[in-house]
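Chain by chain, the residues:
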Number of protein chains: 2
Amino acid sequence: MHVESRRGSVVESRHRLHIAVVDGEGRLVAHAGDPDLVTFWRSAAKPFQALPLVADGVADRFGLKREDLALACASHSSEPGQVALVREFLQRIGCTERELLCGPHRPLSEAVARDYEMRGVRLTAVYSNCSGKHTGMLALAKHHDWPTQFYTRIEHPVQQRCLAEVSRWTDVPAERIGVAVDGCGVACFAIPLRSMAWAYARLAIADFGLRIAELQGKVVALHDAHTDNPQSAIGNPQSRVVEAMLRHPELVAGSGRPCTELMRAHPGRVIAKVGAEGVYSALLVREGLGVALKVEDGHSVASALALAAVLAELGLKPQPPSLVARPTTNSRGDVVGEMRVNGGLLQ
Amino acid sequence: MHVESRRGSVVESRHRLHIAVVDGEGRLVAHAGDPDLVTFWRSAAKPFQALPLVADGVADRFGLKREDLALACASHSSEPGQVALVREFLQRIGCTERELLCGPHRPLSEAVARDYEMRGVRLTAVYSNCSGKHTGMLALAKHHDWPTQFYTRIEHPVQQRCLAEVSRWTDVPAERIGVAVDGCGVACFAIPLRSMAWAYARLAIADFGLRIAELQGKVVALHDAHTDNPQSAIGNPQSRVVEAMLRHPELVAGSGRPCTELMRAHPGRVIAKVGAEGVYSALLVREGLGVALKVEDGHSVASALALAAVLAELGLKPQPPSLVARPTTNSRGDVVGEMRVNGGLLQ
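One structure accompanies this document, and this report is about it. Every chain begins its residue count from 1, and numbering advances along the sequence as written. To read the labels, note that chains go from A and ligands from 1, taken in the order they are written. Thresholds applied to this predicted model are a pLDDT of at least 70 for local features of residues and 80 or more for the giving and counting of side-chain atom pairs; totals over whole chains, interfaces and linings are not thresholded and use all residues. To obtain the side-chain values, all non-hydrogen atoms of the structure were used and water was disregarded.

Let us now look at the interface of chain A and chain B. Note on definitions: a residue-residue contact is assigned when non-hydrogen atoms from the two residues lie within 4.5 Å. Counting residues at the interface gives 36 residues for chain A, matched by 36 residues for chain B. Taken together, both faces of the contact between chain A and chain B bury some 2800 Å²; the carbon and sulfur share is 47%. Just to be clear on terms, a salt bridge is a Lys or Arg side-chain nitrogen sitting within 4 Å of an Asp or Glu carboxyl oxygen. Linking chain A with chain B are four salt bridges, by the criterion used here. The salt bridge partner of A:Arg42 is B:Glu12, with a shortest N-O separation of 3.0 Å. Under this definition, polar contacts are N or O atom pairs within 3.5 Å; protein pairs additionally need one hydrogen-donor-capable and one acceptor-capable atom, and for neighbouring residues in sequence, both atoms have to be side-chain atoms. For the interface between chain A and chain B, the tally reads 24 residue pairs in polar contact (both at pLDDT 80 or more). Counting from the N terminus, the helices are the DSSP runs of H or I reaching at least four residues and the strands are the DSSP runs of E reaching at least two. Sorting the residues of the side of chain A that touches chain B by element identifies strand S2 (10-22), strand S4 (38-40), strand S5 (178-181) and strand S6 (187-192) of chain A as the ones contributing at least two each. The element contributing the most residues to the side of chain A that touches chain B is S2(A), with seven residues. Here the term charged refers only to Asp, Glu, Lys and Arg, the term nonpolar to Ala, Val, Leu, Ile, Met, Phe, Trp, Tyr, Cys and Pro, and the term polar to all other amino acids, Gly among them. For the side of chain A that touches chain B, the class distribution of residues is 13 nonpolar, twelve polar and eleven charged. Buried area is calculated as the accessible area (1.4 Å probe) missing from two parts once they are joined, with the contributions of both summed.

Below is the structure:
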């Protein structure tokens, strides 16, 4: 299974794929390429970086809304409405834009980027696609009385808390998780695709604590880790995060962007979350399956086409036409070829 | 041999390479990946699309300068000086900008693109990186009394003449060359990397006609094709094209761009010509070796790093530091990783 870029009738470029589809018990139910490839989760880890907000009682303490949680999980398009909501989120936790440490960048939506260029809008940190995640991290620091300064560094308790959460859901010991600096400046985590997919599958388990208690062997340790956390007693943090994303696909990415289109095509059925450098993760809610994929070379359009093809193969049909094939045009505007997935998953 | 993109100490993405290094007799002297991979030559074919200008007597007829020939071979940066030279070239052949059929696009040089944005320069066809090639094609049409309209179409005699030239140098029969539409609207050609590399190697042969007569078997047909062309009697068209490029590396691409930097690092020793979608070709003049490479996924930065590594391995050392490793920075301007070639050629 790979993504092909054809020019006329000839394949011009090829994007190799590595994919893991995993169920709630961690079984690999389908794959392509190397499902054990270790790579950075990048922004596809955001739901797990947002989970401490619910698990630790931050959301209840500050009265966070579903929109706030959705934005904490988002790589948003910097749309005016999205930026306004992040500003409200900042207000709710008593922080200011100046405390955000995410670097500014061109909006991920080309339409939004052009609009801001035309209007001469100055792109500050709150316009970063990661500003919701960063606001969540500030909230976590405030709640625990940790300093809000330098919250992006791996040694800061905010990042250590996120690392512990990622470790718990992926079942990868924290000391075996590779750490580097993400595009926005916070720590990012390198883990096997199979473990990423398992983490997403587990989001569908109504009570992770109860369910894993039924399992044997090594995952009992996870159960202990879970119940060691006093906030787990309040119930089911993951379902609040999942619900926030399912109810607000327009905040998870933005108008016309793949995550939003994939989720809108099958409302309530799927969470799709992009990461930079060709990473994607997804949860098929009803099936309880987690998906993690990496385009070997990091191509982002290829990753969206690949995820749409995987979701279709797993039963979510039809997928949006713009994610089945992507025409390539030249400088004269003529269609000269297309990108499309070739092949399927191995069972 | 591949190009790696590391984030911190972990490889995040990988770009596979297919490379052929071929001598003047067509022997594969080194390779990586699949040297017989068929892909589009894109703009790396330009020297062979420019050759008819000399071979058919167009250059002498219109008094073309070395700069004109260099621009006909170029993917230039749309620098003001380059655009002015293309305008002079157009004047010399009695054509106007309106006859150019290349579509406009953002200049390949980011610095030039930003400068034009700041100054509100309207980007017309003459600003296309391919405007020198297109002007050459108009000149070819005028010289042969072919219509200048629709000169980009594969059925037009200009494109048929270019196809014949590409076929002659690559030793691939025209009917086996895949044809599609390039980024600028003209026909582009799909051929094996090994054949592209051979064509570049042959550019160093002082008298292609004489030299190939010494060879046995199938290439005798090439000799016949060559001597069938009455203009070949005037001598050595390829050395005029090679000399134009060697003397004007600043026109072949532009300030700071890889082709120009690679050629300036070893003056008179190498021709380097980029193509879109991760293609590169080169001639090592003294060694008489041709190089053709394709980054499987089409990544352009990876292709420049790969070519620099290949040239270094073939003896052209040192290469410009910016083409040995390319740091990656995040939205805060921090260096978070780098791209670099891993491995070497197989003999």
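This paragraph deals with the packing of helix H7 (residues 157-170) of chain B against helix H8 (residues 193-202) of chain B. Residue and element names in this part refer to chain B. With axes taken as lines fitted to C-alpha atoms, and helix axes fitted only over the stretch in contact, angles between N-to-C directions fall between 0 and 180 degrees. Where H7 contacts H8, the two axes come as close as 8 Å, and the packing angle between them is 90°. By the criterion of interaxial angle, the relationship of H7 to H8 is roughly perpendicular. Seen from H7, the contacting residues are Arg-168, Trp-169 and Thr-170; seen from H8, they are Ser-195, Trp-198, Ala-199 and Arg-202. Each residue belonging to the contact of H7 with H8 can be placed in one class, and the counts come to three nonpolar, two polar and two charged. Just so you know how the angles are binned, under 35 degrees is roughly parallel, over 145 roughly antiparallel, 65 to 115 roughly perpendicular, and the rest oblique.

Glancing now at helix H1 (residues 46-55) of chain B. Residue and element names in this part refer to chain B. Counted residue by residue, H1 has ten buried out of ten residues, so it is predominantly covered. Only protein chains enter the area calculation, which uses a 1.4 Å probe; residues under 20% of their type maximum are buried, those over 50% are exposed, and those in between are partly exposed. When we look at burial in H1, the residues that qualify are Lys-46, Pro-47, Phe-48, Gln-49, Ala-50, Leu-51, Pro-52, Leu-53, Val-54 and Ala-55. Positioned one or two residues after H1, Gly-57 has a phi angle of 85°, which is positive.

Further remarks concern the pairing of strand S1 (residues 2-7) of chain A. Residue and element names in this part refer to chain A. Of all six residues that make up S1, five are buried, and the element is covered over most of its length. A strand pair is defined by DSSP finding two or more bridges across the two strands. As paired strands, S1 and strand S11 (residues 335-342) are joined by six bridges and run antiparallel to one another. Bridge assignment links Arg-7 to a residue of S11, and that residue is Gly-337. Pairing between S1 and S2: six bridges, direction antiparallel. Bridge pairing in S2 places Ser-5 opposite Ser-13. If you look at the hairpin formed by S1 and S2, you'll find two residues sitting between the two strands, and Gly-8 has a positive phi there, around 60°.

All names here are of chain A. Spatially, the three strands line up as an open sheet ordered S4-S6-S5, and their pairing is antiparallel. The open sheet terminates on both sides in strands that have one partner only, identified here as S4 and S5. This sheet shows a mean twist of 30° between the axes of neighbouring strands, independent of strand direction. The pairing of S5 with S6 spans four bridges and is classified as antiparallel. Looking across to S6, one finds that Ala-180 is bridged to Cys-188. Contacts from helix H8 (residues 193-202) reach S4 and S6, with the element oriented near 105° to S6.

The copies are overlaid by a least-squares fit using only the C-alpha atoms of residues whose pLDDT is at least 70 in both copies. The two copies are related by a screw operation: chain A maps onto chain B through 180° of rotation and 0.0 Å of translation along the axis, at an RMSD of 0.0 Å. Taken together, the rotation angle and the small translation identify this as a two-fold axis. Nearest to the rotation axis, the C-alpha of A:Asp297 is located 3.4 Å from it, this being the minimum over chain A.

This part is about the sheet that holds strand S6 (residues 187-192) of chain B. Adjacent strands of a sheet form backbone hydrogen bonds with each other and so pair up, either parallel or antiparallel. Residue and element names in this part refer to chain B. Taken in spatial order, the three strands make up an open sheet running S4-S6-S5, and their pairing is antiparallel. Each having just a single partner strand, strand S4 (38-40) and strand S5 (178-181) make up the two edges of the open sheet. Taking the axes of each pair of neighbouring strands and ignoring which way they run, one obtains an average angle of 30° across the sheet. The pairing of S4 with S6 spans three bridges and is classified as antiparallel. Directly across from Phe-40, in S6, lies its bridge partner Ala-190. Running over the sheet, H8 touches S4 and S6 and is turned about 105° from S6.

Residue and element names in this part refer to chain A. Remark: helix H1 (residues 46-55) packs on helix H7 (residues 157-170), axes separated minimally by 8 Å, with the N-to-C direction vectors making an angle of 105°. In terms of their interaxial angle, H1 and H7 are classed as roughly perpendicular. Contact residues: Phe-48, Gln-49, Leu-51, Pro-52 and Ala-55 in H1; Arg-161, Cys-162, Glu-165, Val-166 and Trp-169 in H7. Counted by class, the contact of H1 with H7 contains seven nonpolar, one polar and two charged residues.

Turning our eyes to something else, we now look at the side chain of A:Asp297. Residue and element names in this part refer to chain A. Tracing the chain through its elements places Asp-297 in the loop between strand S9 (289-295) and helix H14 (300-313). Arg-16 is the oppositely charged side chain nearest to the buried, salt-bridge-free Asp-297, at an N-O distance of 7.8 Å. Within polar-contact distance, the side chain of Asp-297 engages the side chain of His-15 at 3.0 Å. Charged residues are defined here as Lys and Arg on the positive side and Asp and Glu on the negative side; His and the ends of the chain fall outside this count.

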